[in-house]
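Structural overview
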Amino acid sequence: LTHFKARYEKDFSLFVRNFYYYILNIVECNSCSNQSIDVSPSDIVFASLPENWMDKDTITLDECINENFSVENIHYKCEKCGNDEDNKIDKKILTRPKTLIIKIKRYYQIRNNVIKVNKMIQYPEELDINKYFCGGGLKPYKLYGIINHIGNMNAGHYYSYVKNMFPGKENEIIIGDNWYLCNDEKVTRIDEHNVIVNGHNEKAFKAMERHGITPHICQMRHRYFWDGGIHCNTLELHREGPRRDYF
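Residues numbered from 1 in each chain as written. Predicted model: local features only at pLDDT ≥ 70, side-chain atom pairs only at ≥ 80, totals over all residues. Heavy atoms only, no water.

In this fold, Ile23 is placed in strand β1 (residues 21-28). A residue is classified by how much of its surface remains accessible, and Ile23, at 9% relative accessible area, is buried. On a C-alpha basis, the gap between Ile23 and Thr95 in space is 7.5 Å, while along the polypeptide they are 72 residues apart. Setting aside anything within four residues of it in sequence, one finds Ile23 in contact with Asp38, Val39, Ser40, Ser42, Phe69, Lys91, Lys92, Ile93 and Leu94. (Helix = DSSP H or I, 4+ residues; strand = E, 2+ residues; numbered from the N terminus. Buried < 20%, exposed > 50% of the residue type's maximum accessible area, 1.4 Å probe, protein only. Contact = heavy atoms within 4.5 Å.)

Below is the structure:
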């Protein structure tokens, strides 16, 4: 571990301090039970969809993370006995990341096509990762930012949801209670329990209702949308009654 920490002594930055952590990799020989231990740096937890994702309407974030840290077969030749069949690798988080970034792998190859899986993934506002950490004792991570991609591998658009933050004492960052939608140059305060959806995607708003979200359905004739969301949209409002000054 000292060797790997020394790698960043001359290349240290705020990014390294806030996002980098170390993964403990333990490879065990199926024949003689000899263990080979390695430590590798990382800055993102890559979370894969579970193997049975096709059979699920909803997937949890914990299922995706567990897929990444599950024990796997590995092609590895044992240093002690030379066996290279049915050896296993187990991975654990060795050092605590100050800020945890999780990337969900939604692209899968089916036959000759690479598709994006648009299944709904449930995630909590507080995430406990102690079962993936060496020793335990970690406090839950609090969610304060989400980056979304709409589209496919060749085209699309990114937007994000973030919580407001305030500077505290001794470089401490205080996370507020309000969520904001950041979409290009537009920043809009939002309510996580209410959402505007396109009325043409019935599956999307029925799934939201099952998870305690109130969908406000808009029937839109001229629109561009992906997966029930709204993009490049102009909304016209007509009020009944006489014109009034509200200022």
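Moving on from the model shown.
What follows deals with a nonpolar patch on the surface. Taken together, Tyr144, Met165, Ile173 and Ile175 make up a surface patch of nonpolar side chains, about 340 Å² in accessible area. Its place among the elements puts Met165 in strand β14 (residues 156-167). According to the relative accessible area criterion, Met165 is partly exposed, its value standing at 42%. (Patch = residues over 30% accessible without salt bridge, like charges linked within 9 Å, V, L, I, M, F, W, Y side chains within 5 Å. Areas by Shrake-Rupley, 256 points an atom, 1.4 Å probe, with all protein chains shown as cover. Salt bridge = Lys/Arg side-chain N within 4 Å of Asp/Glu carboxyl O.)

This brings us to unusual backbone geometry. Located in the positive-phi region is Asp86, a residue other than glycine, with phi close to 60 degrees. Relative to the helices and strands, Asp86 is located in the loop between β5 (72-74) and β6 (87-93). One non-glycine residue, Arg111, adopts positive backbone phi at about 55 degrees. Looking at the element boundaries, Arg111 is found in the loop between β8 (107-110) and β9 (113-116).

Once that is clear, we can look at the sheet that holds strand β2 (residues 35-42). Here four strands make up an open sheet; going across it, the order is β2-β1-β6-β5 and the pairing antiparallel. The sheet is open, and its two edges are formed by β2 and β5, each paired on a single side. Each adjacent strand pair in this sheet contributes to an overall mean axis angle of 35 degrees, direction not counted. Sitting on the sheet, helix α3 (residues 61-69) is in contact with β1 and β6, with an inclination near 130 degrees to β6. (Pairing = 2+ DSSP bridges. Axes fitted to C-alpha atoms, helices over the stretch in contact; angles between N-to-C directions.)

A few words on the side chain of Asn25. Note that Asn25 resides in strand β1. At 3.2 Å, the side chain of Asn25 and the side chain of Ser40 are in polar contact. In this structure Asn25 touches Ser36, Ile37, Asp38, Ser40, Ile89, Asp90 and Lys91, once residues within four positions along its chain are discounted. (Polar contact = N/O pair within 3.5 Å; in protein donor to acceptor, adjacent residues only side chain to side chain.)

Scanning the model with the defined rule gives five aromatic pairs in all. An angle of 35 degrees between the planes, with centres 5.8 Å apart, marks the rings of Trp53 and Tyr108 as tilted. Separated by 55 residues along the polypeptide, Trp53 in the loop between β3 (45-48) and β4 (58-60) and Tyr108 in strand β8 bring together distant segments of the chain. (Phe/Tyr/Trp six-rings, centres within 6.5 Å; stacked < 30°, edge-to-face > 60°.)

Of the residues making up helix α4 (residues 202-210), those classed as buried are Ala204, Phe205, Ala207 and Met208. The buried residues of α4 occupy an angular sector of 155 degrees when projected down its axis, which confines them to one face. Residues Lys203 and Arg210 are exposed on α4 and point more than 90 degrees away from its buried face. Where α4 ends, the next residue or the one after it, Gly212, has phi of about 80 degrees, a positive value. (Arc of directions from axis to C-beta.)

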